[in-house]
Structure formats: structure tokens, C-alpha cells
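Chain residues, written in single-letter form:
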Amino acid sequence: MITRLSGVLDGFFLAKRGLGRVSIINLLLSSSFGINALFYAAWLGYVIGAWALLIQAAWSVSFLLLIPHSKKFRGINSLHDFLGQRYGNATRVVASICSLIGIVYLVGWEVGIGKSAIKSLAVMPNGLLHNNSGFLAEIVIAVIVAITLIYTIIGGLRSNVKVDTFLNLVKVVLVSGMVGLLIINLNHLGSEKLASALFPSFGIMQGKLGLWGLATNILFNLSWQFVDNSSWISIIAGTGTNEEGETHRNLLYSSVVIFATIGVLGTILGATVSILPNINPENILTQAVMTLPLSELFLSVGMVVLIAACIMSLVDGMLITCSLTLIADVLPSWQRVSRLSSGTSLMLAKAAMLIVAVLSVWGIGFVIKLSGTSLFDFVYIVVISQLALIGPVVGGMLTKSNSKHMWLAIFVGLAVGFGSTTYGVMTDRSFLIDGAGTFTILASLIAAGFIATSRFDR
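Residues numbered from 1 in each chain as written. Predicted model: local features only at pLDDT ≥ 70, side-chain atom pairs only at ≥ 80, totals over all residues. Heavy atoms only, no water.

## Concerning the overall build of the protein chain
Then, in step 1: Secondary structure assignment for the protein chain yields 21 helices and zero strands.
Then, in step 2: Here the contacts in the protein chain between residues at least 6 apart in sequence split such that 83% fall between residues at least 24 apart.
Then, in step 3: As displayed, the protein chain has an accessible area near 18700 Å², and 68% of this comes from carbon and sulfur atoms. (Helix = DSSP H or I, 4+ residues; strand = E, 2+ residues; numbered from the N terminus. Contact = heavy atoms within 4.5 Å. Areas by Shrake-Rupley, 256 points an atom, 1.4 Å probe, with all protein chains shown as cover.)

This is the structure:
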């Protein structure tokens, strides 16, 4: 089992761990500023106004929670490698498979949201895609994914950094412009309307989201960076410097930038369309765009550019993550594969990216279509399959346990999470469905604590 990537693979996947602070910030911002995250932030802002900043702050704080453990990111290849070095190959492989399942579905979900948003532009009489919106949306998505594949396969993580830095700038400029125009538009209705949209009372927040909803959203956001392998890879890519506190500062500045961009901008964007009727989580951005005092063709083009920038900057990182997981964490478990040369392994890595892209973007959509359900009906797969890793991760950071049975904690988390969701759907109990992520976190942590203090390996 390899514990360190060879030179060519280390350069492709981790940029030889020599990326500077600006690059790391842009990589972490990219994975936090996808189209799904923008819809999520805008929807929360629409529903509960500035109260949503508590949830967005929790996402940013999750980066700060990693700071005391910044030394743990040195000398590893990934989140799964960290678990494998501590708990053995079984935990490494189980965790890798969970991440792969979650990330593949996440990419499909991200692209599905983007495709739906592009199609919805057809409601604009003079919109870019008024005619044949479905076909043109498919073409646009195919072009977006193809471009993302090309630059990621050619240059790996270094290419992603260069492209993502530009795409992040595009996203911030476009969303800032939308927010500015929406604030002006809302302010025309009176400052009271603007104030009530941005700052609803605690009672209104409680009535719309509920304390349970607020708590589950906060707990999910606080936990995510611990189990997101794409974030771990971005952080590891900046650990090559000899300066002791560099990872610490990378996490700190990333936290601030992410909160100030997607957190604040997304929340305000949602709050400023709170007076619009017929808003739902899938159409909030396009409905917001339709209210802006600009030509519909111009707005349609701007919206497609924003969607493309969000999708590309998230998907490129997920392609790197899935490919690295397969090449460095899963395949080396087979002895024959572990003896492949670095050049052959790199070719396999690039082929894996193509397979993951096709499977995520079109394969999952095909399966969902055959089942007669919606892509959004199974979003808990993204959440539960990755949150189940949190027990072993926290155990690896806080304890000295090296139990070879820690993979059991992942299975406990999966069983509780999916069990809660299934039973909630069967009995129509939204409490169990909404709280499935929370129950997964608690179950994984409790199981990991029990295993760490048990006598399984004695």
C-alpha cells in the first residue's frame, strides 16, 4: 500500500503540495460556491433573511475547526489516506467507497440543478433559450462538462487553480451585480420592505424554518469539512511549505473569504426576492433574474455564464477527488494494480475522470429517469454517505486509537442515516427525513467512541 504518491501523480493531483495561499483559498471557495450552494444560500435568505447567516457562518467555522489539527494534513494524500494510516486498509477502502458514491451523486445533482435553471430561462419571452430549451440546455451542459474535463485532464490541480481563480472572480462579480440591482429594486418599494426582508423577527424565522431545521442545518455545516475529501485535497496541496503556520492561515483566510462571498451574497440575494410569489428552491435564481431592470437576452446570457462558472469550478475539483480516491485509495488494495508504473497510473487517473464525468452527469440522470423519480428525491445520498465518516475522522484527530475495526463506525452511521430516511418516508415523518444527517453524525461519533475505547483489537 502506497503512503506517498509518486512524483508525477503528486504533481498532477496535489501540485506537489506547493500551492500558495491565494490558490488554496480559490480551491476551497470553488467547492463552496457551486450552483447548488448558491441556490441553497439564496433559498435560506429568502425563507429566513439574515438568520441564514448563522448557517453560513457555521460553514465557515467548519474550516476554523480544522485549524487545531492542521498538522494532520502533512504527509498524507487524502482524507482516506489519513484514515488508512490510522485504522488500516479496511477503513480506508470503506471510506473511499462512501466518498465516491456521495461525490458522484453530488456532481449529478449539481449538473441537474444547472440544467433545470437553464431550461427555466425559457419562461422569458426574449430569453436566450426560449425555443427548444430542453435540447439547448443539454448542449450547454455537454459543452460545460467537456471544457471542464479537458483542462482538468491536461493539467490536473494546477490547471484547476488557474481556471477556478478566474471563475471565482466571474461568480462574485455577477452575483454582486445581481444583489446590487435587486436591492435597488426592492428599495423602490420602501425601506421598510427592504428591512423586513433582510431582518425578519425570531418568531417569523422559527415559524418558517423551525429550531430543529436551524439546528440540523448548523450541525451539518459545522461537520462537512471534516468529511469532504475535496477540501482535504485542497488543504494538503498547500502543505509543502516549511512554514509551520501556513496551513493554519490558509484555513483562516479561506473561512473569511467564503463567508464574505457565497455566505453574505447568497443570503442577501435570497432576501431581496422575498416579496416575489411562487418561489421554490429550484427557481429562486431565475425568478430573481426576471425582476431585474435589464434586457431579458442580456440576463439570460449572464445567467448561463454564472451557471457555467459555478458548475465548472465545483466539478473540476470533484473529478480530481474521485480520480485520486480510485488511484491512491481503492485500486492499490489489489496487488497487481499497486505495481503499475506512475505513467500507467496517471493514464488510469485521466480515464477515471472521463468515466466519473459520464456516470455523474448522464448515468445518474438516466437511472433516475428510469425509476420515475426526481434527482432531488435522493439528495440524502450525498449527505449520509459522507457524514458517516465523521466518527473515524474525529477519532483520528482527538484520540490515539488505531483500531482495525473503525470501519464499523462508518457502517453504523450509514445504517442509522438511511434507516431514518427510509422510515421517515414510509411513515411520512419529516422530522426523521430532515434529521437524517444529524442522526448519521451522532451515530458515527458514538460508534467510533465505543470502538476506540473497546477491546476489539486486544
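Let's pick the thread back up.
## So, the nonpolar core
Then, in step 1: F13 and L38 are the most contacted members of the largest nonpolar core, which has 131 residues in total.
Then, in step 2: For this core, the element with the highest residue contribution is helix α14 (residues 296-330), accounting for 20 residues.
Then, in step 3: Once you skip the residues sitting within four places of it in the chain, L38 turns out to touch F33, V175, I262, G266, L269, L285, L306 and C310. (Core = buried A, V, L, I, M, F, W, Y, C linked by side-chain atoms within 4.5 Å. Buried < 20%, exposed > 50% of the residue type's maximum accessible area, 1.4 Å probe, protein only.)

## Remarks on unusual backbone geometry
Then, in step 1: Unusually for a residue other than glycine, A15 sits at a positive phi of about 50 degrees.
Then, in step 2: Take A15: its relative accessible area is 0%, and that puts it in the buried class.
Then, in step 3: The backbone of D428 sits at a positive phi, close to 60 degrees, despite the residue not being glycine.
Then, in step 4: As for its position among the elements, D428 is in the loop between α19 (407-427) and α20 (430-434).

## A short note on the packing of aromatic side chains
Then, in step 1: On inspection of all chains with the given rule, the structure shows nine aromatic pairs.
Then, in step 2: An angle of 40 degrees between the planes, with centres 5.4 Å apart, marks the rings of F82 and W232 as tilted. Residue F82 is located in helix α5 (residues 79-87), and its partner W232 is located in helix α11 (residues 229-236); the two are separated by 150 residues in the primary sequence.
Then, in step 3: Taking the relative accessible area as the measure of exposure, F82 reaches 6% and is therefore buried.
Then, in step 4: Of the residues examined, W232 reaches a relative accessible area of 0% and is grouped as buried.
Then, in step 5: On the basis of an interplanar angle of 90 degrees and a centroid distance of 5.7 Å, the ring pair of W407 and F411 is categorised as edge-to-face. Of this pair, W407 and F411 both sit in helix α19, four residues apart, which is roughly one turn of the helix.
Then, in step 6: A relative accessible area of 41% means that F411 is categorised as partly exposed.
Then, in step 7: Put simply, the rings of F73, F82 and W232 pair up and form one aromatic cluster. (Phe/Tyr/Trp six-rings, centres within 6.5 Å; stacked < 30°, edge-to-face > 60°.)

## Some remarks on the pattern of salt bridges
Side-chain pairs of opposite charge can arise whenever the charged atoms involved come near each other.
Then, in step 1: Tallying each qualifying case throughout the model produces six salt bridges.
Then, in step 2: Here K115 makes a salt bridge to E138, at a shortest N to O gap of 3.2 Å. On the criterion of sequence distance, the pair formed by K115 in helix α6 (residues 89-120) and E138 in helix α7 (residues 133-187) is long-range, its members being 23 residues apart.
Then, in step 3: With a relative accessible area of 29%, E138 lands in the partly exposed category.
Then, in step 4: One network of salt bridges, with partners in common, ties together R21, E246 and R249. (Salt bridge = Lys/Arg side-chain N within 4 Å of Asp/Glu carboxyl O.)

## Digging into the packing of helix α18 (residues 390-398) against helix α21 (residues 436-453)
Then, in step 1: Two numbers describe how α18 lies on α21: the axes approach to 7 Å, and their chain directions differ by 45 degrees. It follows from the interaxial angle that α18 and α21 lie oblique. Handedness of the crossing formed by α18 with α21: right-handed. In this structure, α18 contributes I390, G391, P392 and V394 to the contact, and α21 contributes I441, S444, L445 and A448. (Axes fitted to C-alpha atoms, helices over the stretch in contact; angles between N-to-C directions. Parallel < 35°, antiparallel > 145°, perpendicular 65-115°, else oblique. Left-handed = near helix turned anticlockwise from the far one by under 90°.)

## What about α11?
Then, in step 1: Counting buried positions over the eight residues of α11 gives eight, a clear majority of the element.
Then, in step 2: Those residues of α11 lying buried are N229, S230, S231, W232, I233, S234, I235 and I236.

## Focus: α19
Then, in step 1: Along its 21 residues, α19 runs 30 Å from first to last C-alpha, staying within 8% of the 30 Å computed at 1.5 Å per residue.
Then, in step 2: Along its buried surface, α19 packs onto α6, α17 (380-387), α18, α20 and α21. (Expected span 1.5 Å × (residues − 1).)

## Some details on the packing of helix α10 (residues 210-227) against α11
Then, in step 1: Between α10 and α11, the least distance of the axes is 6 Å, while the angle of their chain directions is 60 degrees. Overall, the two elements α10 and α11 adopt an arrangement that is oblique. Residue-level contacts link Q225, F226 and V227 of α10 to N229, S231 and W232 of α11.

## Some points on the side chain of S420
Then, in step 1: Among the secondary structure elements, S420 is positioned in helix α19.
Then, in step 2: Among residues more than four places away in sequence, those in contact with S420 are L432, A436 and F439.

## So, a nonpolar patch on the surface
Then, in step 1: A grouping of V61, L64, L65, L252 and V256 is seen on the molecular surface, where their side chains present a nonpolar patch of about 350 Å² in accessible area.
Then, in step 2: Looking at the nonpolar patch, the elements that each hand over two or more residues are α4 (52-64) and α12 (246-271).
Then, in step 3: With respect to the element layout, V256 can be found in helix α12. (Patch = residues over 30% accessible without salt bridge, like charges linked within 9 Å, V, L, I, M, F, W, Y side chains within 5 Å.)

## A short note on the environment of V394
Then, in step 1: With respect to the helices and strands, the residue V394 is situated in helix α18.
Then, in step 2: With 54 residues separating them in the primary sequence, V394 and A448 have C-alpha atoms 8.5 Å apart.
Then, in step 3: Apart from the residues lying within four places of it in its own chain, the contact partners of V394 are F226 and L445.

## Some thoughts on the environment of G207
Then, in step 1: Here G207 lies in helix α9 (residues 202-208).
Then, in step 2: Take G207: its relative accessible area is 67%, and that puts it in the exposed class.
Then, in step 3: On a C-alpha basis, the gap between G207 and I48 in space is 9.4 Å, while along the polypeptide they are 159 residues apart.

## Thoughts on the environment of I327
Then, in step 1: Among the structural elements, I327 can be located in helix α14.
Then, in step 2: Along the chain, I327 and A349 lie 22 residues apart, while their C-alpha atoms are 6.2 Å from each other.
Then, in step 3: Those residues in contact with I327 that sit more than four places away from it in its chain are L9, F13, P332, S345, L348 and A349.

## Remarks on the side chain of H69
Then, in step 1: Along the chain, H69 turns up in the loop between α4 and α5.
Then, in step 2: Not counting chain neighbours up to four residues away, the residues in contact with H69 comprise M397 and L398.

Scope: geometric values only; no functional claims are made or implied.
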